[in-house]
Amino acid sequence: MKLMFLGPPGAGKGTMAGKLAQEKKLVHISTGDIFRAAIRNETELGKKVKGILAAGDLVPDELTIALVEERLQEQDTKNGYILDGFPRTIAQADALSGFSKLDAVINFTINDEEVVRRLSGRRVAPGSGRIYHIEFDPPKVEGKDDETGEDLIIREDDQKDAILHRLEVYRKQTQPLIDYYREKKSLQNLDASPAPAKVFQNLLALIDGI
Ligand code: AP5
């Protein structure tokens with residue numbers, strides 16, 4: 001199954017993609033995680049995108065498209081994948097349709113107030129990308145990853161100004177994809193506002209119906 005998770009920052013796409021990938025043995029491909037790993041490892045790509053991510057702007061289409069096209073040629077994607085955070089522009093969606101065909105696009109719906117609450121309390125394990133929330137999904141030991149014990153961090157783009165800017169960028173550049181995929185009849189809406197366990201239960205029901 002080839003899925004794409006669409007929705008504003010902080011809607012829970014990464015959290016749900018991680019759980020679903022495990023449950024359904026799919027590969028979770030997050031362009032945000034790929035860029036953050038490149039920044040951490042100080043690669044050429046990392047140097048190019050560091051300032052863009054910190055500001056909450058989008059990485060140029062050509063660069064992002066080439067990266068995903070290459071990733072989807074890898075063997076582990078053959079049994080299905082979840083694209084989390086790609087495509088994010090009409091140009092990216094058009095390019096994707098040239099090298100892969102999605103079975104469904106899951107559109108996570110949530111209001112801005114909740115987005116700000118979720119992102120302000122988010123903590124991540126930089127090594128694994130595991131995601132926590134200080135209130136809604138806290139780690140077993142404060143500030144430490146449950147599995148590796150590594151220190152959790154606050155993402156640079158989870159500062160208030162960057163969050164508000166990312167919401168603006170989402171509205172201008174990514175939201176048009178809702179109509180784009182609706183017209184292609186591949187859009188499925190998912191209410192992302194309930195508690196994590198409930199959202200996951202509803203997501204599974206949606207996926208099983210596809
Ligand atoms: P990316 O990493 O994709 O960020 P995003 O889309 O802004 O999404 P987030 O990771 O912020 O949120 P999420 O929906 O995954 O929520 P999460 O599960 O973490 O992209 C980062 C940057 O990379 C972009 O700004 C851009 O610069 C660049 N980039 C990436 N892709 C690109 C592309 N295609 N083109 C160009 N540039 C690109 O959850 C959030 C919090 O809420 C967590 O704390 C979690 O524990 C909590 N939570 C989750 N679900 C629930 C729930 N149901 N109830 C309560 N809390 C919950």
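Residues numbered from 1 in each chain as written. Predicted model: local features only at pLDDT ≥ 70, side-chain atom pairs only at ≥ 80, totals over all residues. Heavy atoms only, no water.

1. Considering the site of the ligand
As a structural note, the neighbourhood of the ligand is formed by 36 residues, with Thr15, Asp57, Arg88, Arg122 and Arg166 the closest of them. A distance of 2.6 Å separates an oxygen atom of the ligand from a polar side-chain atom of Arg88. In the environment of the ligand, a nitrogen atom lies 2.9 Å from a nitrogen or oxygen atom belonging to the side chain of Gln92. Relative to its free-state accessible area of 1,000 Å², the ligand is covered by the protein chains to the extent of 97%. (Near = heavy atom within 4 Å. Polar contact = N/O pair within 3.5 Å; in protein donor to acceptor, adjacent residues only side chain to side chain. Areas by Shrake-Rupley, 256 points an atom, 1.4 Å probe, with all protein chains shown as cover.)

2. Some details on the pairing of strand β1 (residues 2–6)
Of all 5 residues in β1, 4 are buried, a share of seventy percent or more. Summarising the sheet, β1 and strand β4 (residues 104–109) pair through 4 bridges and their orientation is parallel. Note on β4: the bridge partner recorded for Leu6 is Asn107. (Buried < 20%, exposed > 50% of the residue type's maximum accessible area, 1.4 Å probe, protein only. Helix = DSSP H or I, 4+ residues; strand = E, 2+ residues; numbered from the N terminus. Pairing = 2+ DSSP bridges.)

3. Description of the sheet that holds strand β3 (residues 81–84)
Across the sheet, which stays open at both edges, the 5 strands sit in the order β2-β3-β1-β4-β7 with parallel pairing between neighbours. Each edge of the open sheet is held by one strand with a lone partner, namely β2 (27–30) and β7 (187–191). Averaged over all pairs of adjacent strands, the angle between strand axes in this sheet comes to 25 degrees, irrespective of strand direction. Bridge analysis of β2 against β3 gives 4 bridges, and the strand direction is parallel. Note that in β3 the partner of His28 across the bridge is Ile82. On top of the sheet, helix α8 (residues 176–183) reaches β1, β4 and β7; it is set at about 130 degrees to β7, its chief contact. (Axes fitted to C-alpha atoms, helices over the stretch in contact; angles between N-to-C directions. Contact = heavy atoms within 4.5 Å.)

4. Some words on helix α4 (residues 61–71)
Those residues of α4 that sit buried are Thr64, Ile65, Leu67, Val68 and Arg71. Each buried residue of α4 sits inside an arc of 165 degrees when the element is viewed along its axis, so together they form one side. For α4, the exposed residues lying more than 90 degrees away from the buried face are Glu62 and Glu70. Among the structural elements, β2, α2 (31–40), α3 (44–55), β3 and α5 (90–99) are those in contact with the buried residues of α4. (Arc of directions from axis to C-beta.)

5. Thoughts on the packing of aromatic side chains
Enumeration over the complete set of coordinates arrives at 2 aromatic pairs. Ring plane angle 50 degrees and centroid distance 5.0 Å describe the contact between Phe5 and Phe108, whose orientation is recorded as tilted. Of this pair, Phe5 sits in strand β1 while Phe108 sits in strand β4, and the two are 103 residues apart along the sequence. Residues Phe5 and Phe108 agree in their burial class; the two are buried. Plain terms: the ring middles of Tyr180 and Tyr181 are 5.0 Å apart, the flat faces sit at 80 degrees to each other, and that makes the pair edge-to-face. The same class applies to Tyr180 and to Tyr181, which are both buried. (Phe/Tyr/Trp six-rings, centres within 6.5 Å; stacked < 30°, edge-to-face > 60°.)

All we've got here are geometric facts, nothing functional implied.
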